[in-house]
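Here is what each chain is made of, one letter per residue.
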Amino acid sequence: MNKSAGRLLIIYDNYTLKKDLIPAWGFSCLVHYPQYRILFDAGGDPSILNMNIQTMGIDFDKIDSVVLSHAHGDHAGGLSAVLQLHPHVTICIPESFPDKFKKVLSLSGAVIKEVKKPCMIQPGMYTTGELGKGLKEQSLILKTAEGLVIITGCAHPGIIEIVDHSRKRFNDNVNLLIGGFHLMEYSPKEILAIARELEDMNVQKIAPCHCSGDRTRELLRDHYGGNYVECGAGLVVELPDLTLN
């Protein structure tokens, strides 16, 4: 990998890699480049999110925007901690979010950006737009000099479907796939079939966390070997330069 241009920091997860961070069911991470800082999801508990933010030394006054994958409480429940620190932040939500949620956000003073179709959030950073036939969910895509970095919240639309959508849109390989894969109820045979399919789709590195399931993590760790990234609160991933065209 070339010299790092940015970092991806896992703030909130039900796994932790550092003893001074609090693990809890949910997910939140920060994409940190010199020119942009985007928070993806906000975990489930605002007090835990706030404590982990402080422990990791993250300055939330410099957050450019928040992207919420879907409306479940383990991904949006910690948002009040963000709004206390940065009340007028721009929040990108799927258009299908409940009207009550949107109203609360409006009253908070935040700037709401509703997303339905794929679009650019910042140069080099994109949302998949709403995916899925039931529960709608968006994922975050970073277009980097070494391939795509795909960040999923819970992958309710299907992890294969999200990767396939992202690759087709940008005609590029996947440098890193990270986040919740929602495979807790899958059998080992099904998980290994997904692992092989991800390899066939040129997913180079993989970092399942949150709702992926312990068995999924074990099987993917064995399958991917040195290209498996142990994920949990406190993980810092060095990111390549963004590709801005």
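To be clear, the structure that these remarks concern was listed above.
Residues numbered from 1 in each chain as written. Predicted model: local features only at pLDDT ≥ 70, side-chain atom pairs only at ≥ 80, totals over all residues. Heavy atoms only, no water.

Chemist: I tried to follow unusual backbone geometry on my own but got confused; where do I start?
Modeler: Excluding glycine, residues mostly have negative phi values, and the peptide bonds linking residues are mostly trans. Its identity is not glycine, yet Asp41 carries a phi of approximately 65°, on the positive side. Positionally, Asp41 belongs in the loop between strand S3 (37-40) and helix H1 (46-56). Phi angles above zero are rare outside glycine, and Asn171 is one such case at about 50°. Within the fold, Asn171 resides in the loop between helix H5 (159-170) and strand S11 (174-180). Judged by relative accessible area, Asn171 falls into the exposed class, the value being 71%. (Helix = DSSP H or I, 4+ residues; strand = E, 2+ residues; numbered from the N terminus. Buried < 20%, exposed > 50% of the residue type's maximum accessible area, 1.4 Å probe, protein only.)

Chemist: I'm lost on the pairing of strand S10 (residues 147-152) in this one. Help?
Modeler: Along any regular strand the residues' side chains alternate between the sheet's two faces. Burial analysis of S10 places six of its six residues in the buried class, which makes it a mostly covered element. Here strand S9 (residues 140-144) pairs with S10 via five bridges, running antiparallel. Residue Leu142 lies in a different strand from S10, and its bridge partner there is Val149. Between S9 and S10, which pair antiparallel in sequence order, lie two residues. Examined bridge by bridge, S10 and S11 share five bridges and lie parallel to one another. Residue pairing in the sheet places Val149 in a bridge with Leu176 of S11. Traced from S10 through H5 to S11, the parallel crossover comes out right-handed. (Pairing = 2+ DSSP bridges. Right-handed = clockwise from strand over helix to strand, strands pointing away.)

Chemist: Sorry, what's going on with the sheet that holds strand S2 (residues 27-32) here?
Modeler: The strands making up a sheet associate through backbone hydrogen bonding, with each pair oriented either parallel or antiparallel. With mixed pairing, the seven strands of this open sheet are ordered in space as S6-S5-S4-S3-S2-S1-S13. Strand pairing shows two members of the sheet lacking a second neighbour, strand S6 (111-115) and strand S13 (236-239), which therefore form its edges. Neighbour-to-neighbour, the strand axes of the sheet open up by a mean angle of 20°, direction not taken into account. Of the strand pairs in this sheet, S3 and strand S4 (residues 65-67) are connected by three bridges, and their pairing is parallel. Among the inter-strand pairings, Leu39 is bridged to a residue of S4, identified as Val66. Sheet contacts for H1: strand S1 (6-13) and S2; angle to S1, the most-contacted strand, approximately 140°. In the packing of helix H4 (residues 99-108) onto the sheet, contacts are made with strand S5 (90-94) and S6, and the angle to S6 comes to roughly 150°. (Axes fitted to C-alpha atoms, helices over the stretch in contact; angles between N-to-C directions. Contact = heavy atoms within 4.5 Å.)

Chemist: Before we go on, may I ask you to explain a negative patch on the surface in this structure?
Modeler: A grouping of Glu161, Glu197, Glu199 and Asp200 is seen on the molecular surface, where their side chains present a negatively charged patch. Among the elements that take part in the negative patch, helix H6 (residues 188-200) stands out by supplying three residues, more than any other. Here Glu199 shows up in helix H6. Accessibility expressed as a relative area gives 37% for Glu199, which makes it partly exposed. (Patch = residues over 30% accessible without salt bridge, like charges linked within 9 Å, V, L, I, M, F, W, Y side chains within 5 Å. Areas by Shrake-Rupley, 256 points an atom, 1.4 Å probe, with all protein chains shown as cover. Salt bridge = Lys/Arg side-chain N within 4 Å of Asp/Glu carboxyl O. Lys, Arg positive; Asp, Glu negative; His and termini not counted. Charge placed at Lys NZ, Arg CZ, Asp CG, Glu CD.)

Chemist: Would you mind going over the environment of Met201 with me for this structure?
Modeler: Along the chain, the position of Met201 falls in the loop between H6 and strand S12 (203-209). Expressed as a C-alpha distance, the spacing of Met201 and Pro98, which sit 103 residues apart in the sequence, is 34 Å. With sequence-adjacent residues up to four places away left out, Met201 is seen in contact with Ile160, Val163, Asp164 and Arg167.

Chemist: I keep staring at the environment of Ile112 and nothing clicks. Help me out?
Modeler: One can find Ile112 in strand S6. Owing to a relative accessible area of 26%, Ile112 belongs among the partly exposed residues under this scheme. Taking the C-alpha atoms as reference points, Ile112 and Cys92, separated by 20 residues in sequence, lie 6.2 Å from one another.

All quantities given are derived from atomic positions and should not be read as evidence of function.
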